[in-house]
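Fold and contact review
Residue-level listing of the chains:
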Amino acid sequence: MISYVDYLRLLPKTELHCHFASTMSSELFIELAAKHGVELPTTDPDELFDFAHLVDFLVAFRFAHDVLRDPDDFERVAYDGVASAVADGNLRYREYYVNPQYFAERGLSYTDVIDPIIAGLARAEEDFGVGFRIVVAINRRADAASAVDLVREMIAYPRPEVVGLGQDDLTPENTEDPGRFIEAYALAREHGFLLTAHVGETDDATPDAVRIAIEELGCDRLDHGYRIVDDPAIVALARERGIGFAATPLSTTICSGWTIDDGHRIRRMIDAGLAVNVSTDDAMFFRTDIGREYTEGLRLMGVTAEEAKQIALNGIDAAFCDGAQKARLRAEFRAAFLALDAALEPERQSV
Ligand SMILES: [Zn+2]
(Lines give C-alpha, C1' and ligand atoms only; values in the text may rest on other atoms or scores of the structure.)
Protein backbone atom coordinates (compact mmCIF):
# COMPACT_ATOMS: atom_id res chain seq x y z
CA MET A 1 0.00 0.00 0.00
CA ILE A 2 1.15 3.55 -0.68
CA SER A 3 0.24 6.89 0.88
CA TYR A 4 -1.58 9.62 -1.07
CA VAL A 5 1.66 11.67 -1.19
CA ASP A 6 3.49 8.69 -2.75
CA TYR A 7 0.57 8.17 -5.12
CA LEU A 8 0.78 11.77 -6.34
CA ARG A 9 4.55 11.64 -6.67
CA LEU A 10 4.49 8.37 -8.62
CA LEU A 11 1.65 9.39 -10.94
CA PRO A 12 3.02 9.65 -14.50
CA LYS A 13 3.19 13.31 -15.53
CA THR A 14 3.55 15.70 -18.40
CA GLU A 15 4.91 19.17 -17.99
CA LEU A 16 3.97 21.78 -20.60
CA HIS A 17 5.06 24.99 -18.91
CA CYS A 18 8.71 25.14 -17.98
CA HIS A 19 11.39 27.57 -19.02
CA PHE A 20 14.54 25.84 -20.21
CA ALA A 21 17.05 27.75 -18.05
CA SER A 22 14.91 27.03 -14.98
CA THR A 23 15.32 23.27 -15.36
CA MET A 24 18.97 23.74 -14.31
CA SER A 25 19.88 22.67 -10.78
CA SER A 26 21.21 25.40 -8.48
CA GLU A 27 24.51 23.44 -8.20
CA LEU A 28 24.95 23.46 -11.98
CA PHE A 29 24.00 27.17 -12.12
CA ILE A 30 26.76 28.00 -9.64
CA GLU A 31 29.23 25.72 -11.44
CA LEU A 32 28.53 27.28 -14.85
CA ALA A 33 28.73 30.80 -13.39
CA ALA A 34 32.25 29.96 -12.13
CA LYS A 35 33.18 28.41 -15.50
CA HIS A 36 32.25 31.59 -17.39
CA GLY A 37 33.37 34.13 -14.79
CA VAL A 38 29.80 35.33 -14.14
CA GLU A 39 29.79 36.94 -10.73
CA LEU A 40 26.75 35.95 -8.65
CA PRO A 41 25.59 38.10 -5.72
CA THR A 42 26.01 34.98 -3.55
CA THR A 43 26.89 31.33 -4.09
CA ASP A 44 24.50 30.25 -1.36
CA PRO A 45 21.49 28.79 -3.24
CA ASP A 46 19.22 29.70 -0.32
CA GLU A 47 19.95 33.39 -0.74
CA LEU A 48 20.33 33.31 -4.51
CA PHE A 49 16.63 32.62 -4.97
CA ASP A 50 15.05 34.94 -2.42
CA PHE A 51 12.42 36.97 -4.28
CA ALA A 52 9.82 39.33 -2.94
CA HIS A 53 7.73 39.36 -6.14
CA LEU A 54 7.55 38.58 -9.84
CA VAL A 55 9.68 41.48 -11.07
CA ASP A 56 12.60 40.48 -8.76
CA PHE A 57 12.31 36.97 -10.05
CA LEU A 58 12.37 38.12 -13.67
CA VAL A 59 15.70 39.91 -13.08
CA ALA A 60 17.22 36.69 -11.67
CA PHE A 61 15.68 34.70 -14.51
CA ARG A 62 17.52 36.75 -17.12
CA PHE A 63 20.70 36.39 -15.08
CA ALA A 64 20.49 32.58 -15.33
CA HIS A 65 20.69 32.83 -19.11
CA ASP A 66 24.12 34.45 -18.71
CA VAL A 67 25.75 31.20 -17.64
CA LEU A 68 24.61 29.25 -20.73
CA ARG A 69 27.19 29.87 -23.45
CA ASP A 70 28.82 26.72 -24.90
CA PRO A 71 26.90 23.90 -26.63
CA ASP A 72 28.00 21.64 -23.78
CA ASP A 73 26.28 23.95 -21.22
CA PHE A 74 22.93 23.66 -23.02
CA GLU A 75 23.26 19.89 -23.49
CA ARG A 76 24.09 19.29 -19.83
CA VAL A 77 21.22 21.39 -18.54
CA ALA A 78 18.85 19.63 -20.95
CA TYR A 79 19.93 16.11 -20.03
CA ASP A 80 20.32 16.60 -16.26
CA GLY A 81 16.96 18.38 -16.02
CA VAL A 82 15.14 15.36 -17.43
CA ALA A 83 17.02 12.94 -15.17
CA SER A 84 16.01 14.88 -12.04
CA ALA A 85 12.38 15.33 -13.07
CA VAL A 86 12.03 11.57 -13.64
CA ALA A 87 13.42 10.92 -10.15
CA ASP A 88 11.40 13.71 -8.48
CA GLY A 89 7.99 13.08 -10.02
CA ASN A 90 7.87 10.43 -12.76
CA LEU A 91 7.99 12.90 -15.65
CA ARG A 92 7.08 11.23 -18.98
CA TYR A 93 6.81 14.14 -21.44
CA ARG A 94 7.86 17.78 -21.34
CA GLU A 95 7.69 20.97 -23.38
CA TYR A 96 10.24 23.73 -22.91
CA TYR A 97 9.99 27.47 -23.44
CA VAL A 98 13.22 28.74 -24.95
CA ASN A 99 13.90 32.48 -25.37
CA PRO A 100 16.49 32.89 -28.15
CA GLN A 101 16.32 36.70 -27.74
CA TYR A 102 18.07 36.50 -24.34
CA PHE A 103 21.00 34.70 -25.92
CA ALA A 104 21.11 36.87 -29.03
CA GLU A 105 22.14 39.74 -26.73
CA ARG A 106 25.26 37.67 -25.95
CA GLY A 107 26.08 36.81 -29.56
CA LEU A 108 24.50 33.35 -29.79
CA SER A 109 22.42 32.65 -32.89
CA TYR A 110 19.02 30.92 -32.93
CA THR A 111 20.57 27.58 -33.91
CA ASP A 112 23.47 27.98 -31.43
CA VAL A 113 20.78 27.78 -28.76
CA ILE A 114 18.17 25.42 -30.20
CA ASP A 115 20.41 22.66 -31.58
CA PRO A 116 22.37 21.71 -28.42
CA ILE A 117 19.14 21.80 -26.39
CA ILE A 118 17.57 19.35 -28.86
CA ALA A 119 20.72 17.16 -28.70
CA GLY A 120 20.62 17.00 -24.89
CA LEU A 121 16.89 16.32 -24.75
CA ALA A 122 17.12 13.64 -27.47
CA ARG A 123 19.84 11.85 -25.48
CA ALA A 124 17.66 12.03 -22.37
CA GLU A 125 14.70 10.67 -24.37
CA GLU A 126 16.79 7.64 -25.35
CA ASP A 127 17.89 7.02 -21.76
CA PHE A 128 14.66 7.84 -19.86
CA GLY A 129 11.89 7.58 -22.48
CA VAL A 130 10.76 11.15 -21.80
CA GLY A 131 9.43 12.74 -25.00
CA PHE A 132 9.75 16.47 -25.61
CA ARG A 133 8.95 19.45 -27.82
CA ILE A 134 10.21 23.03 -27.83
CA VAL A 135 8.12 26.20 -27.84
CA VAL A 136 10.05 29.33 -28.82
CA ALA A 137 9.03 32.20 -26.55
CA ILE A 138 8.92 35.91 -27.31
CA ASN A 139 10.48 38.03 -24.59
CA ARG A 140 7.85 40.74 -24.02
CA ARG A 141 10.54 43.30 -23.12
CA ALA A 142 11.47 43.24 -26.81
CA ASP A 143 9.37 45.10 -29.38
CA ALA A 144 6.78 43.67 -31.76
CA ALA A 145 9.07 43.90 -34.80
CA SER A 146 11.81 41.78 -33.19
CA ALA A 147 9.16 39.18 -32.28
CA VAL A 148 8.31 38.93 -35.98
CA ASP A 149 12.05 38.52 -36.74
CA LEU A 150 12.16 35.69 -34.20
CA VAL A 151 9.31 33.86 -35.97
CA ARG A 152 11.13 34.36 -39.29
CA GLU A 153 14.10 32.48 -37.76
CA MET A 154 11.80 29.63 -36.68
CA ILE A 155 10.65 29.45 -40.30
CA ALA A 156 14.18 29.76 -41.75
CA TYR A 157 15.65 27.00 -39.53
CA PRO A 158 12.88 24.42 -39.19
CA ARG A 159 13.41 21.66 -36.62
CA PRO A 160 10.75 18.96 -36.12
CA GLU A 161 11.11 19.36 -32.34
CA VAL A 162 10.25 23.09 -32.45
CA VAL A 163 6.47 23.17 -32.76
CA GLY A 164 5.11 26.28 -31.08
CA LEU A 165 5.31 29.96 -30.23
CA GLY A 166 4.74 31.52 -26.80
CA GLN A 167 5.35 34.83 -25.02
CA ASP A 168 6.66 35.40 -21.50
CA ASP A 169 8.31 37.94 -19.19
CA LEU A 170 6.51 41.32 -19.07
CA THR A 171 6.54 44.38 -21.32
CA PRO A 172 8.88 47.28 -20.41
CA GLU A 173 5.82 48.75 -18.62
CA ASN A 174 5.55 45.50 -16.55
CA THR A 175 2.25 44.54 -18.20
CA GLU A 176 1.18 41.46 -20.17
CA ASP A 177 -0.39 43.12 -23.24
CA PRO A 178 -0.47 39.90 -25.34
CA GLY A 179 -2.05 41.68 -28.32
CA ARG A 180 1.19 43.61 -28.90
CA PHE A 181 2.58 40.53 -30.69
CA ILE A 182 -0.40 39.80 -32.94
CA GLU A 183 1.66 40.00 -36.13
CA ALA A 184 4.24 37.46 -34.90
CA TYR A 185 1.43 35.11 -33.86
CA ALA A 186 -0.33 35.38 -37.23
CA LEU A 187 2.92 34.59 -39.05
CA ALA A 188 3.63 31.60 -36.79
CA ARG A 189 0.13 30.20 -37.29
CA GLU A 190 0.40 30.64 -41.06
CA HIS A 191 3.52 28.44 -40.93
CA GLY A 192 1.89 25.69 -38.87
CA PHE A 193 3.18 26.50 -35.39
CA LEU A 194 0.85 26.03 -32.42
CA LEU A 195 0.34 28.94 -30.06
CA THR A 196 0.36 29.69 -26.35
CA ALA A 197 0.95 32.77 -24.15
CA HIS A 198 1.50 33.73 -20.53
CA VAL A 199 -1.64 35.66 -19.56
CA GLY A 200 -3.86 36.44 -16.58
CA GLU A 201 -1.06 35.63 -14.14
CA THR A 202 -0.81 38.33 -11.49
CA ASP A 203 -3.12 40.68 -9.62
CA ASP A 204 -2.34 43.47 -12.10
CA ALA A 205 -3.36 41.29 -15.03
CA THR A 206 -6.88 41.35 -16.44
CA PRO A 207 -9.23 38.57 -17.50
CA ASP A 208 -9.40 40.39 -20.83
CA ALA A 209 -5.75 39.40 -21.52
CA VAL A 210 -7.04 35.80 -21.53
CA ARG A 211 -9.79 36.70 -24.02
CA ILE A 212 -7.32 38.52 -26.30
CA ALA A 213 -4.99 35.49 -26.28
CA ILE A 214 -7.86 33.20 -27.26
CA GLU A 215 -9.82 35.37 -29.69
CA GLU A 216 -7.24 37.68 -31.22
CA LEU A 217 -4.00 35.67 -31.08
CA GLY A 218 -5.77 32.34 -31.67
CA CYS A 219 -3.89 30.51 -28.90
CA ASP A 220 -4.33 26.75 -28.74
CA ARG A 221 -3.61 26.69 -24.99
CA LEU A 222 -2.54 29.18 -22.32
CA ASP A 223 -0.05 29.51 -19.48
CA HIS A 224 -1.39 30.52 -16.04
CA GLY A 225 -4.68 32.28 -16.96
CA TYR A 226 -5.72 32.62 -13.29
CA ARG A 227 -7.63 35.91 -13.73
CA ILE A 228 -10.13 34.06 -15.90
CA VAL A 229 -12.21 33.08 -12.86
CA ASP A 230 -13.17 36.78 -12.48
CA ASP A 231 -15.13 36.69 -15.75
CA PRO A 232 -17.68 33.87 -16.30
CA ALA A 233 -18.09 34.80 -19.97
CA ILE A 234 -14.38 34.17 -20.63
CA VAL A 235 -14.56 30.91 -18.64
CA ALA A 236 -17.39 29.85 -20.98
CA LEU A 237 -15.34 30.91 -24.04
CA ALA A 238 -12.30 28.88 -22.91
CA ARG A 239 -14.43 25.81 -22.18
CA GLU A 240 -16.17 26.04 -25.53
CA ARG A 241 -12.82 26.32 -27.39
CA GLY A 242 -11.27 23.48 -25.36
CA ILE A 243 -8.39 25.66 -24.18
CA GLY A 244 -5.98 23.91 -21.79
CA PHE A 245 -4.34 25.92 -18.99
CA ALA A 246 -0.77 25.13 -17.92
CA ALA A 247 -0.99 26.19 -14.27
CA THR A 248 1.94 26.37 -11.87
CA PRO A 249 0.77 26.12 -8.23
CA LEU A 250 3.97 26.75 -6.26
CA SER A 251 5.28 29.71 -8.28
CA THR A 252 2.03 31.57 -7.49
CA THR A 253 2.88 31.63 -3.77
CA ILE A 254 5.86 33.86 -4.62
CA CYS A 255 4.70 35.71 -7.74
CA SER A 256 1.17 36.44 -6.56
CA GLY A 257 1.35 35.89 -2.81
CA TRP A 258 -1.56 33.41 -2.88
CA THR A 259 -1.92 30.77 -0.18
CA ILE A 260 -2.31 27.25 -1.52
CA ASP A 261 -5.67 26.06 -0.19
CA ASP A 262 -9.08 25.04 -1.50
CA GLY A 263 -9.91 28.67 -2.41
CA HIS A 264 -6.90 29.02 -4.73
CA ARG A 265 -7.61 30.31 -8.24
CA ILE A 266 -6.29 27.06 -9.75
CA ARG A 267 -8.76 25.09 -7.61
CA ARG A 268 -11.53 27.42 -8.79
CA MET A 269 -10.48 26.91 -12.42
CA ILE A 270 -10.73 23.13 -11.92
CA ASP A 271 -14.15 23.56 -10.30
CA ALA A 272 -15.26 25.75 -13.23
CA GLY A 273 -14.62 22.81 -15.57
CA LEU A 274 -11.51 24.26 -17.22
CA ALA A 275 -8.91 21.78 -18.54
CA VAL A 276 -6.08 22.53 -16.10
CA ASN A 277 -2.70 20.80 -16.28
CA VAL A 278 0.19 21.38 -13.89
CA SER A 279 3.84 22.39 -14.30
CA THR A 280 6.77 23.86 -12.36
CA ASP A 281 7.28 27.03 -14.47
CA ASP A 282 10.72 27.81 -12.96
CA ALA A 283 11.76 24.91 -10.77
CA MET A 284 15.22 26.11 -9.74
CA PHE A 285 14.07 29.61 -8.78
CA PHE A 286 10.98 28.52 -6.87
CA ARG A 287 12.71 25.53 -5.28
CA THR A 288 10.13 23.16 -6.65
CA ASP A 289 9.96 20.08 -8.89
CA ILE A 290 7.19 18.36 -10.84
CA GLY A 291 6.58 15.92 -7.96
CA ARG A 292 6.06 18.75 -5.44
CA GLU A 293 3.55 20.53 -7.68
CA TYR A 294 1.31 17.50 -7.13
CA THR A 295 2.26 16.39 -3.61
CA GLU A 296 2.20 19.93 -2.15
CA GLY A 297 0.44 22.18 -4.67
CA LEU A 298 -2.51 20.04 -5.75
CA ARG A 299 -2.84 18.13 -2.47
CA LEU A 300 -3.18 21.35 -0.45
CA MET A 301 -5.90 22.50 -2.85
CA GLY A 302 -7.83 19.35 -1.90
CA VAL A 303 -7.41 17.68 -5.29
CA THR A 304 -8.59 14.06 -5.22
CA ALA A 305 -6.94 11.06 -6.90
CA GLU A 306 -9.57 11.15 -9.67
CA GLU A 307 -8.91 14.84 -10.28
CA ALA A 308 -5.12 14.37 -10.21
CA LYS A 309 -5.36 11.65 -12.87
CA GLN A 310 -7.53 13.93 -15.02
CA ILE A 311 -4.99 16.77 -14.61
CA ALA A 312 -2.22 14.42 -15.79
CA LEU A 313 -4.34 13.43 -18.82
CA ASN A 314 -5.19 17.09 -19.52
CA GLY A 315 -1.46 17.61 -20.01
CA ILE A 316 -1.48 15.06 -22.83
CA ASP A 317 -4.55 16.67 -24.44
CA ALA A 318 -2.94 20.14 -24.43
CA ALA A 319 0.51 18.95 -25.56
CA PHE A 320 1.87 20.11 -28.91
CA CYS A 321 3.12 16.66 -29.98
CA ASP A 322 1.38 14.56 -32.65
CA GLY A 323 -1.62 12.27 -32.19
CA ALA A 324 0.39 9.04 -32.25
CA GLN A 325 2.63 10.21 -29.41
CA LYS A 326 -0.43 11.34 -27.43
CA ALA A 327 -2.04 7.92 -27.89
CA ARG A 328 1.11 6.19 -26.61
CA LEU A 329 1.25 8.50 -23.59
CA ARG A 330 -2.45 7.94 -22.77
CA ALA A 331 -1.98 4.16 -22.88
CA GLU A 332 1.11 4.37 -20.68
CA PHE A 333 -0.62 6.69 -18.18
CA ARG A 334 -3.79 4.55 -17.96
CA ALA A 335 -1.75 1.40 -17.25
CA ALA A 336 0.20 3.22 -14.53
CA PHE A 337 -3.06 4.60 -13.02
CA LEU A 338 -4.45 1.06 -12.65
CA ALA A 339 -1.36 -0.10 -10.75
CA LEU A 340 -1.30 3.01 -8.54
CA ASP A 341 -5.04 2.87 -7.80
CA ALA A 342 -4.66 -0.75 -6.70
CA ALA A 343 -1.81 0.21 -4.36
CA LEU A 344 -3.47 3.31 -2.81
CA GLU A 345 -5.00 2.86 0.63
CA PRO A 346 -8.74 3.51 0.01
CA GLU A 347 -9.23 5.91 2.95
CA ARG A 348 -6.23 8.03 1.87
CA GLN A 349 -7.52 9.26 -1.47
CA SER A 350 -7.37 12.97 -0.74
CA VAL A 351 -5.37 13.43 2.43
ZN1 LIG B 1 6.24 30.71 -17.19
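In this text the structure is predicted, and so the values were computed from the model without any measurement.

**Structural notes on the overall build of the protein chain**
- Helix and strand content of the protein chain: 17 helices and nine strands.
- Taken along its principal axes, the extent of the C-alpha atoms in the protein chain is 55 × 45 × 40 Å.
- Here the protein chain, with 351 residues, has 58% of them falling under the buried criterion.
- Pairs at least 24 residues apart make up 78% of the contacts formed inside the protein chain by residues separated by at least 6 positions.

**Re the packing of aromatic side chains**
- Tallied over the entire structure, the rule returns eight aromatic pairs.
- With 6.4 Å between their ring centres and 25° between their planes, Phe20 and Phe74 make a pair best called stacked. Separated by 54 residues along the polypeptide, Phe20 in the loop between strand 1 (13-19) and helix 2 (26-35) and Phe74 in helix 5 (residues 71-89) bring together distant segments of the chain. Comparing Phe20 with Phe74 shows no difference in burial state: the two are buried.
- Site record: aromatic cluster; members linked through ring pairs are Phe20, Phe74, Tyr96 and Phe103.
- Across the ring face of Phe320, the terminal group of Arg221 is positioned such that the distance to the ring centre comes to 3.9 Å.

**Structural notes on helix 8 (residues 144-156)**
- If you check helix 8, its first and last C-alpha atoms are 19 Å apart, about what 13 residues at 1.5 Å a residue would give, namely 18 Å.
- Along helix 8, the residues classified as buried are Ala147, Val148, Leu150, Val151 and Met154. All buried residues of helix 8 project into a common sector of 155° when viewed along the axis, lining one side. Exposed and facing more than 90 degrees away from the buried side of helix 8 are Ala145 and Ala156.
- Contacts made by the buried residues of helix 8 are with helix 6 (100-104), helix 7 (110-128), strand 3 (131-139), strand 4 (162-168) and helix 9 (182-190).

**Considering unusual backbone geometry**
- Residue Asn174 is not a glycine yet carries a positive backbone phi of 60°.
- Summarising the element assignment, Asn174 is placed in the loop between strand 4 and helix 9.
- Judged by relative accessible area, which is 35%, Asn174 ranks as partly exposed.
- Despite not being glycine, Asp281 shows a phi value in the positive range, around 70°.
- Relative to the helices and strands, Asp281 resides in the loop between strand 9 (275-278) and helix 14 (283-286).

**Quick word on the sheet that holds strand 7 (residues 221-224)**
- Reading across from one edge, 6-7-8-9 is the order of the four strands in this open sheet, with parallel pairing throughout. Two strands lie at the open edges of the sheet, namely strand 6 (198-199) and strand 9, each paired on one side alone.
- Sheet topology note: the strand 6/strand 7 ladder contains two bridges and is parallel. Across the sheet, residue His198 finds its bridge partner in strand 7, namely Asp223.
- Where helix 16 (residues 305-318) meets the sheet, it contacts strand 7, strand 8 (244-247) and strand 9, and its direction lies at approximately 100° from that of strand 9.

**A word on the side chain of Thr196**
- Here Thr196 is to be found in the loop between strand 5 (194-195) and strand 6.
- Within polar-contact distance, the side chain of Thr196 engages the backbone oxygen of Arg221 at 3.2 Å.
- With residues near it in sequence (within four places) discarded, Thr196 still touches Tyr97, Val135, Leu165, Gly166, Gln167, Tyr185, Cys219, Arg221, Leu222, Asp223 and Phe320.

**Here we look at the coordination of the zinc ion**
- Around the zinc ion, the protein contributes the donor atoms His17 (NE2), His19 (NE2), His198 (NE2) and Asp281 (OD), which lie 2.1 to 2.2 Å from the metal centre.
- Bound by four donor atoms, the zinc ion shows angles of 85 to 173° at the metal and therefore irregular coordination geometry.
- All donors of the zinc ion come from a single chain, and their spacing in sequence reads H-x1-H-x178-H-x82-D. A residue pair is termed long-range when its members are at least 10 positions apart, and His19 in strand 1 and His198 in strand 6 qualify at 179 residues. For the pair His19 and His198, one class covers both residues: buried.

**A short note on the nonpolar core**
- Counting 118 residues, the largest nonpolar core has Met24, Leu68, Leu222 and Ile228 as its most contacted members.
- Other than its neighbours up to four places away in sequence, Leu68 contacts Phe20, Ala21, Met24, Leu32, Asp73, Phe74, Val77, Phe103 and Leu108.
- With five residues, the next largest nonpolar core counts Tyr97, Val135, Ala137 and Phe320 among its residues.

**Details of the pattern of salt bridges**
- Following the criterion strictly, the structure yields 27 salt bridges and no others.
- Across the pair Glu15 and Arg94 runs a salt bridge whose closest N-O atoms are separated by 2.9 Å. Here Glu15, found in strand 1, pairs with Arg94, found in strand 2 (residues 91-98); they are 79 residues apart in sequence, far enough to count as distant. In this pair, the class of Glu15 matches that of Arg94, namely buried.
- Across the pair Glu95 and Arg221 runs a salt bridge, and its minimum N-O distance is 2.8 Å.

The rules behind these values
Residues numbered from 1 in each chain as written. Predicted model: local features only at pLDDT ≥ 70, side-chain atom pairs only at ≥ 80, totals over all residues. Heavy atoms only, no water. Helix = DSSP H or I, 4+ residues; strand = E, 2+ residues; numbered from the N terminus. Buried < 20%, exposed > 50% of the residue type's maximum accessible area, 1.4 Å probe, protein only. Contact = heavy atoms within 4.5 Å. Phe/Tyr/Trp six-rings, centres within 6.5 Å; stacked < 30°, edge-to-face > 60°. Lys NZ or Arg CZ within 6 Å of the ring centre and 35° of its normal. Expected span 1.5 Å × (residues − 1). Arc of directions from axis to C-beta. Pairing = 2+ DSSP bridges. Axes fitted to C-alpha atoms, helices over the stretch in contact; angles between N-to-C directions. Polar contact = N/O pair within 3.5 Å; in protein donor to acceptor, adjacent residues only side chain to side chain. Donors = N, O, S within 2.8 Å, 3.2 Å for Na, K, Ca; no water. Tetrahedral: all angles 85-135°; square planar, octahedral: opposite > 155°, others 65-115°. Core = buried A, V, L, I, M, F, W, Y, C linked by side-chain atoms within 4.5 Å. Salt bridge = Lys/Arg side-chain N within 4 Å of Asp/Glu carboxyl O.

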